[in-house]
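Listed here are the chains, written in short residue letters.
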Amino acid sequence: MRLLIVEDEKRLALSLARGLTAEGFAVDVVHDGLEGLHRAGEDAYDLVVLDIMLPGLNGYRVCAALRAAGNDVPILMLTAKDGEYDEAEGLDTGADDYLTKPFSYVVLVARVKALLRRRGRAGAASPVLRAGGLTVDTATRRVHHGEEEVVLTAKEFAVLEQLALRPGEVVGKPEILEHVWDFAYDGDPNIVEVYVSALRRKLGPSAIQTVRGAGYRLADR
C-alpha cells in the first residue's frame, strides 16, 4: 500500500511517515499543495493524508482538483481548524474523512486502515448499484433518480452507498457509523440521522425508511 502525506509541518510529516512505514506502508512526503497535487495526479497511491493549510495550494483546492480530474483516491484531511463548517467544506470537496489537530496517532492509523478497507470492499463489488429507482455508481460517485442526476456531498453518497449495497434490508446506525465514519468516530451518533434526512430531501421522503430501534432501509422497488 502506497500513501502520500501532504503536510507542511515537517516534524509532524516525518513523524507520521515513520509511524506509517512501521505499520508496513510505503510512504512519500511532500510539503506544499502544488507538489501534492502533482504527485497524487501522476503516481498511483492507495490513500492521501492531506493537510488543509498548505503553501502554494490549500488542501480544499487540492482535493477538489483531484476529484474534478476523476481521481478517486481516498483522502484523509488534517487541519488545525475545528467546527462543522470546516468539516463540511472538506467533505463537500470530496474528502473521505476528516481529522482535527491535535489528534491521536492511534486514531489516525485506525482511520487510514478503515478507509483502505472501505476502498477494498468497493473495489470487490459491482461498481453500479440499483434500487428503488436509484442508480448509484460507486466508481464515478454519481447518483441518478430515474433519468435525473442527484448531486450529493461525499458523506451523503457514502451513507447512501451503505444502504444501496443491501436494498430492502435493515442497516443499523452503528454499522453505518463504522463504515462511513469508522469505529474511531467519537462524535454524536445522531449524525447519521442528519445525513439520512438530507438524503430524503434530495431523493424523496419515502426513499429511505426508518425501522424503529433497528436502523434504516432503502426501498428496493
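Residues numbered from 1 in each chain as written. Predicted model: local features only at pLDDT ≥ 70, side-chain atom pairs only at ≥ 80, totals over all residues. Heavy atoms only, no water.

How should I be thinking about the sheet that holds strand β12 (residues 215-218) in this particular structure?
Across a sheet, strands are paired by hydrogen bonds formed along the backbone, either parallel or antiparallel in direction. Taken together, three strands build an open sheet; the order of strands is β10-β12-β11 and the sheet is antiparallel. Among the strands making up the open sheet, the edge pair consists of β10 (170-171) and β11 (208-211). Taken together, the four bridges between β11 and β12 define a ladder with antiparallel strand orientation. Note on β12: the bridge partner recorded for Q209 is R217. Relative to β11, helix α8 (residues 191-203) is tilted by about 145°, and along the sheet it contacts β11 and β12. (Pairing = 2+ DSSP bridges. Helix = DSSP H or I, 4+ residues; strand = E, 2+ residues; numbered from the N terminus. Contact = heavy atoms within 4.5 Å. Axes fitted to C-alpha atoms, helices over the stretch in contact; angles between N-to-C directions.)

Please clarify how the pairing of strand β3 (residues 47-51) should be interpreted in this entry.
Along a regular strand, successive side chains alternate from one face of the sheet to the other. Burial of β3 is extensive: five of the five residues sit out of reach of the surface. In β3, alternate side chains face the same way, and those of L47, V49 and D51 on one face and V48 and L50 on the other are all buried. One ladder, built from four bridges, connects strand β1 (residues 2-6) with β3; its direction is parallel. Its bridge partner being in β3, I5 is matched across the sheet by V49. Pairing analysis gives four bridges linking β3 to strand β4 (residues 75-79), with the strands arranged parallel. Each bridged residue has a counterpart across the sheet, and for V49 the counterpart in β4 is L76. In this region the chain leaves β3, passes through helix α3 (residues 59-68) and returns to the parallel neighbour β4; the handedness of that crossover is right-handed. (Buried < 20%, exposed > 50% of the residue type's maximum accessible area, 1.4 Å probe, protein only. Right-handed = clockwise from strand over helix to strand, strands pointing away.)

Please clarify how helix α1 (residues 10-22) should be interpreted in this entry.
Side chains that are three or four residues apart share a direction in an α-helix, a result of its 3.6 residues per turn. Between its first and last C-alpha, α1 extends 18 Å over 13 residues, near the 18 Å set by a 1.5 Å rise per residue. Of all the positions in α1, only A13, L16, A17, G19 and L20 are classed as buried. Immediately beyond the C-terminal end of α1, within one or two residues, lies G24, with a positive phi of roughly 105°. (Expected span 1.5 Å × (residues − 1).)

Is there a simple way to explain the sheet that holds strand β9 (residues 148-150) in this structure?
Taken together, four strands build an open sheet; the order of strands is β6-β7-β8-β9 and the sheet is antiparallel. At either end of the open sheet lies a strand with only one pairing partner, and these are β6 (128-131) and β9. This sheet shows a mean twist of 25° between the axes of neighbouring strands, independent of strand direction. Here β6 runs beside strand β7 (residues 134-137); their pairing, made up of four bridges, is antiparallel. In the strand pairing of β7, A131 is matched with L134. Running over the sheet, helix α6 (residues 154-164) touches β6, β7 and β8 (142-145) and is turned about 110° from β7.

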